[in-house]
Amino acid sequence: MSEIRTEAVPLVDGSDLRLTVAEPDGPARGGIVVLHEARGVTDAVRRLVEGIAGDGWLVVAPHLYHRDGTDELDGDRAEVADHVARLDGEQVMADTDTAFGWLADHEVSADRMGVIGFDLGGSVALLVAANRRLGAAVTVAGGGISEPLGPLPTLLSAAPGLTCPWLGIYGDRDDAAQLDGLLAAAKESEVAADLVTYPGRGHRFDDDPATAEDAWQRMLNWFDSHLR
């Protein structure tokens with residue numbers, strides 16, 4: 001796998017979208033867009049980019065806070081919440097479109113493109129999958145299920161519009177009724193949909209190696225099954 005790197009793509013609004021990218025060794029099996037958590041492009045996000053590329057995928061992670069001149073937030077929850085609240089839904093979709101366009105420029109067809117996100121990025125991944133045509137999507141611990149996350153629509157309202165197979169991976173920070181409702185809404189789309197929960201786990205899984213490994217394999221298996 002080539003070293004992880006960051007590229008800048010000029011946008012029509014005059015800003016530059018930064019993309020963190022990693023390429024696999026040999027021909028790519030397809031392309032994956034990784035959408036970052038609420039704190040931005042953290043070390044955990046970079047490890048995710050590297051790990052997916054190590055499995056044979058071309059990977060690109062757009063920096064959604066680039067208009068604030070920010071890659072990663074080190075502040076408290078109030079600062080993080082402020083950045084999330086300043087996101088613009090249309091700009092977020094435009095940034096993800098640029099990431100998919102980057103994959104297309106590297107000869108990845110739409111049916112071999114997937115998207116995955118954690119936390120904020122998990123919510124955006126579902127919204128992208130409900131508004132764009134691609135091969136598969138994975139949401140890890142995406143918030144805003146029944147209450148809006150900043151300016152973004154609720155996942156319950158978006159899920160019936162899913163256009164591609166979607167997998168949700170959650171701990172138990174959201175109650176069972178919410179998660180059952182999210183899966184039911186996703187299945188209204190009539191595309192393949194599944195939701196896995198890990199009882200006893202909270203917002204993050206990386207403090208439990210067994211849970212993290214199981215979630216990792218489920219994500220890879222989902223892309224293996226649907227990006228062909």
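Refer to the structure printed above.
Cut-offs and rules
Residues numbered from 1 in each chain as written. Predicted model: local features only at pLDDT ≥ 70, side-chain atom pairs only at ≥ 80, totals over all residues. Heavy atoms only, no water. Helix = DSSP H or I, 4+ residues; strand = E, 2+ residues; numbered from the N terminus. Rg over C-alpha atoms; globule rule 2.2 N^0.38 Å. Buried < 20%, exposed > 50% of the residue type's maximum accessible area, 1.4 Å probe, protein only. Contact = heavy atoms within 4.5 Å. Core = buried A, V, L, I, M, F, W, Y, C linked by side-chain atoms within 4.5 Å. Polar contact = N/O pair within 3.5 Å; in protein donor to acceptor, adjacent residues only side chain to side chain. Pairing = 2+ DSSP bridges. Axes fitted to C-alpha atoms, helices over the stretch in contact; angles between N-to-C directions. Expected span 1.5 Å × (residues − 1). Salt bridge = Lys/Arg side-chain N within 4 Å of Asp/Glu carboxyl O.

(A) Expanded view of the overall build of the protein. Helix and strand content of the protein: seven helices and eight strands. A globule of 228 residues ought to have a C-alpha radius of gyration of about 17 Å, and the protein, at 16 Å, matches this closely. Dimensions along the principal axes, computed over C-alpha positions, put the protein at roughly 45 × 40 × 35 Å. Looking at the protein residue by residue over its 228 residues, the buried ones come to 51%. Pairs at least 24 apart in sequence give 71% of the contacts found in the protein among residues at least 6 apart.

(B) Summary view of the nonpolar core. In this structure, Leu 103, Trp 166 and Leu 182 are the most contacted members of the largest nonpolar core, which totals 50 residues. It is helix α4 (residues 120–131) that provides the largest number of residues to this core, a total of eight residues. Ile 116, Val 138, Leu 167 and Trp 222 belong to the second-largest nonpolar core, a separate cluster that totals 28 residues.

(C) Summary view of the environment of Thr 70. Along the polypeptide, Thr 70 turns up in the loop between β4 (58–62) and α2 (77–85). Separated by 59 residues in sequence, Thr 70 and Ala 129 have C-alpha atoms that sit 25 Å apart. Polar side-chain contacts of Thr 70 include one of 3.3 Å to the backbone oxygen of Asp 68.

(D) Quick look at the sheet that holds strand β1 (residues 5–10). Pairing in this open sheet of eight strands is mixed, and the strands run β1-β2-β4-β3-β5-β6-β7-β8 from one edge to the other. Across the chains shown, the open sheet's two edge strands, defined by having one partner strand only, are β1 and β8 (193–197). Taking each pair of neighbouring strands and ignoring which way they run, the sheet shows an average axis angle of 20°. Pairing of β1 with strand β2 (residues 16–22) involves six bridges; the strand directions are antiparallel. Counted as the bridge partner of Pro 10 is Asp 16 from β2.

(E) Geometry of helix α3 (residues 89–105). The end-to-end C-alpha distance of α3 is 24 Å, a good match for the 24 Å that 17 residues give at a rise of 1.5 Å each. Along α3, the positions that sit buried rather than exposed are Val 92, Met 93, Asp 95, Thr 96, Thr 98, Ala 99, Phe 100, Trp 102 and Leu 103. Looking at the packing, one finds that the buried side of α3 touches β1, β2, β3 (31–35), β4, β5 (113–118) and α4. Directly beyond the C-terminal end of α3, a positive phi value near 65° is found at Glu 107.

(F) Fine view of the pattern of salt bridges. Applying the stated criterion to the full structure yields 13 salt bridges. One salt bridge connects Arg 5 with Glu 23, and the closest N-O pair in it is separated by 2.9 Å. One end of the pair, Arg 5, is in strand β1; the other, Glu 23, is in the loop between β2 and β3, with 18 residues separating them in the sequence. Of the charged contacts in the structure, one is a salt bridge between Arg 46 and Asp 43, with a shortest N-O distance of 3.2 Å. Placement of the pair is Arg 46 and Asp 43 together in helix α1 (residues 43–54), with a separation of three residues, close to one helical turn. On the accessibility criterion, Arg 46 (28% relative accessible area) is partly exposed.

(G) Fine view of the environment of Val 9. Structurally, the position occupied by Val 9 is in strand β1. In this structure, the C-alpha to C-alpha distance between Val 9 and Ala 99, residues 90 residues apart in sequence, is 9.4 Å. What Val 9 contacts, discounting residues up to four positions off in sequence, is Ser 15, Asp 16, Leu 17, Leu 19 and Thr 98.

(H) Structural context of the side chain of Thr 70. Exposure remark for Thr 70: the relative accessible area of 14% places this residue in the buried category. Once residues within four sequence positions are removed from consideration, Thr 70 is found in contact with Arg 18, Tyr 65 and His 83.

Just geometry here; none of it tells us what the structure is for.
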